[in-house]
Amino acid sequence: MPSIAIVGAGPGMGLAIARTFGSRGYDVALIARNRAKLDDLVGRLTAEGITAAAFPADVRDHDALTQALKDAATRFGGIDVLEHSPAPSIASVNLTYPSQTSPSDVQEWIDFLLYSAITATQAVLPAMREAGAGTLLFTNGAGSADPIPMLGNVNPAQAALRNWVLNLHKELAGTGIQAAHVAIGVWIGAGGPPEIPTAEAEDIAPLYWDLHTQRDEAERVFTV
């Protein structure tokens, strides 16, 4: 069976993407820091007839993330699709305006978004190159291209991730490996600020399948 590894899996986009691929016959490897939450997601997917397994790792721990992806590849006989979408809890997020941003404010987001994406890619890309096939999908905010002042420390890291993914797409052209960037310009689910448009994760997830199967786009932007 083909497989997808979801880095930063949670009950929102991660679960929706798992269902999108799992319902089409993909085994699902779920990677995130919290074992209990991962086990809950595995149980929900299993109840829906989807084969899934948890591989706990903090995305900022490069060695642990690399090992989790290696373990997932061993468990499922390889990784055909990597999806990277880590998201911190809202309560833990530190936001600064551009004029109030220090280097350390940006560095924590660079570690969380860009360095974890690079680490995950390095863990799975050699096998994809050997096979001449694979898909690498990276989730980001729309502020990666159109920055928002209140996200003055987050947007630079998002822009760096976007730049790196678009460049990776160019590098891998013609190799059989698809790399693409997904920029989400809405609040996912309920509870967002009233001025920000919302969408459900289930409405966004199909575009990941489109990028995986159509294989000719470097980026998709989701807005409503």
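Figured I'd write up the structure that's included with this text. As the structure is a computational prediction, the values presented were derived from the model and not from experiment.

1. Brief notes about the overall build of the protein
Looking only at helices and strands, the protein features seven helices and nine strands. Its C-alpha atoms put the protein at 50 × 40 × 35 Å along the principal axes. For the protein, with 224 residues in total, the buried portion stands at 47%. Contacts in the protein between residues far apart in sequence, at least 24 positions, make up 69% of those at least 6 positions apart. If you sum the accessible surface of the protein, you get close to 10,400 Å²; carbon and sulfur atoms cover 53% of it. Positive and negative side-chain charges of the protein, numbering 14 and 24 respectively, have mean locations separated by a distance of 3 Å.

2. Quick look at the pattern of salt bridges
One pass over the structure, following the stated rule, counts ten salt bridges. Arg19 is the salt-bridge partner of Glu202, the closest N and O atoms lying 4.0 Å from each other. Note that Glu202 is positioned in helix H6 (residues 201-204) and Arg19 in helix H1 (residues 13-22), a separation of 183 residues in sequence. Among the residues examined, Arg19 registers a relative accessible area of 24% and is labelled partly exposed. Of the charged contacts in the structure, one is a salt bridge between Asp210 and Arg220, with a shortest N-O distance of 3.9 Å. Placement of the pair is Asp210 in helix H7 (residues 206-214) and Arg220 in strand E9 (residues 219-222), with a sequence separation of ten residues. A relative accessible area of 26% means that Asp210 is categorised as partly exposed. The partly exposed category is assigned to Arg220, whose relative accessible area is 21%.

3. Re the packing of aromatic side chains
Each aromatic ring pair is summarised here by two numbers: the centre-to-centre distance and the angle between the ring planes. Summed over all chains, the structure comprises six aromatic pairs. Their ring planes at 90° and their centres at 5.7 Å tell us that Tyr26 and Trp209 sit as a pair that is edge-to-face. Here Trp209 lies in helix H7 and Tyr26 lies in the loop between H1 and strand E2 (27-31), a separation of 183 residues in the sequence. By relative accessible area, Tyr26 is classed as buried at 11%. When the ring of Trp109 is compared with that of Phe112, the centres are 6.0 Å apart and the planes differ by 85°; the resulting orientation is edge-to-face. Residue Trp109 and its partner Phe112 are located together in helix H4 (residues 103-131), separated by three residues, close to a single helical turn. Overall, the relative accessible area of 10% leaves Phe112 in the buried class. Ring pairing ties together the aromatic residues Phe21, Tyr26 and Trp209, which thus form one cluster. Arg24 extends its terminal NZ or CZ atom over the ring of Trp209, reaching a point 4.9 Å from the ring centre.

4. Quick look at the nonpolar core
Val7, Ile31, Phe55, Leu69, Leu82 and Leu136 are the most contacted members of the largest nonpolar core, which has 37 residues in total. Counting residues per element, the ones that place at least two in this core are strand E1 (3-7), E2, helix H3 (62-76), H4, strand E5 (134-141), helix H5 (154-172) and strand E6 (177-184). The element contributing the most residues to this core is H4, with eleven residues. What Val7 contacts, discounting residues up to four positions off in sequence, is Ile31, Val59, Leu65, Leu69, Leu82, Glu83, His84, Ser85, Pro86 and Ala120. By size, the runner-up hydrophobic cluster in this structure holds 35 residues, among which are Leu137, Ile184, Tyr208 and Phe222.

5. Quick look at the packing of H1 against helix H2 (residues 35-47)
Packing of H1 against H2 leaves a shortest axis separation of 11 Å and a crossing angle of 30°. One way to sum up the angle between H1 and H2 is to call them roughly parallel. For the pair H1 and H2, the crossing hand works out as right-handed. Of H2, the residues touching H1 (which contributes Leu15, Ala18 and Arg19) are Leu41, Arg44 and Leu45.

6. Thoughts on the environment of Val221
Along the polypeptide, Val221 turns up in strand E9. Its relative accessible area of 52% is what places Val221 among the exposed residues. Note: C-alpha distance between Val221 and Gly185 (36 residues apart in sequence) is 7.1 Å.

Rules used in this analysis
- The residue numbering used here restarts from 1 in each chain and proceeds along that chain's sequence as written.
- Totals for whole chains, interfaces and linings use all residues, but because this is a predicted model, local features are given only for residues with pLDDT of at least 70 and pairs of side-chain atoms are given and counted only at 80 or more.
- As a rule here, side-chain values cover all heavy atoms of the structure and leave hydrogens and water aside.
- Here a strand is any run of E in DSSP of at least two residues, a helix any run of H or I of at least four, and the numbering for each starts at the N terminus.
- Only protein chains enter the accessibility calculation, which uses a 1.4 Å probe. A residue is then buried if its area is under 20% of the maximum for its type, exposed if over 50%, and partly exposed in between.
- By the convention used here, residues are in contact when the closest approach between their heavy atoms is within 4.5 Å.
- Only the protein chains shown count as cover for residues, and the accessible areas themselves come from Shrake-Rupley with a 1.4 Å probe.
- When charges are tallied, Lys and Arg are placed among the positive residues and Asp and Glu among the negative ones, while His and the ends of the chain are skipped.
- For the purpose of locating charges, the reference atoms are NZ of Lys, CZ of Arg, CG of Asp and CD of Glu.
- In what follows, salt bridge is the name for a side-chain nitrogen of Lys or Arg lying within 4 Å of a carboxyl oxygen of Asp or Glu.
- Aromatic rings from Phe, Tyr and Trp, taking only the six-membered ring of Trp, are treated as a pair when their centres fall within 6.5 Å; an angle between ring planes under 30 degrees marks them as stacked, one over 60 as edge-to-face, and anything in between as tilted.
- We count a charge as sitting over a ring when the NZ of a lysine or the CZ of an arginine lies within 6 Å of the ring centre and within 35 degrees of the ring normal.
- We define a nonpolar core as any set of buried Ala, Val, Leu, Ile, Met, Phe, Trp, Tyr and Cys residues linked to one another through side-chain atoms lying within 4.5 Å.
- Note on geometry: axes are C-alpha line fits, over the in-contact stretch for helices, and angles between N-to-C directions span 0 to 180 degrees.
- In these notes the angle categories are as follows: under 35 degrees is roughly parallel, over 145 is roughly antiparallel, 65 to 115 is roughly perpendicular, and the rest is oblique.
- The sense of a crossing depends on the near helix, which, turned anticlockwise from the far helix by less than a right angle, makes the crossing left-handed and, turned clockwise, makes it right-handed.

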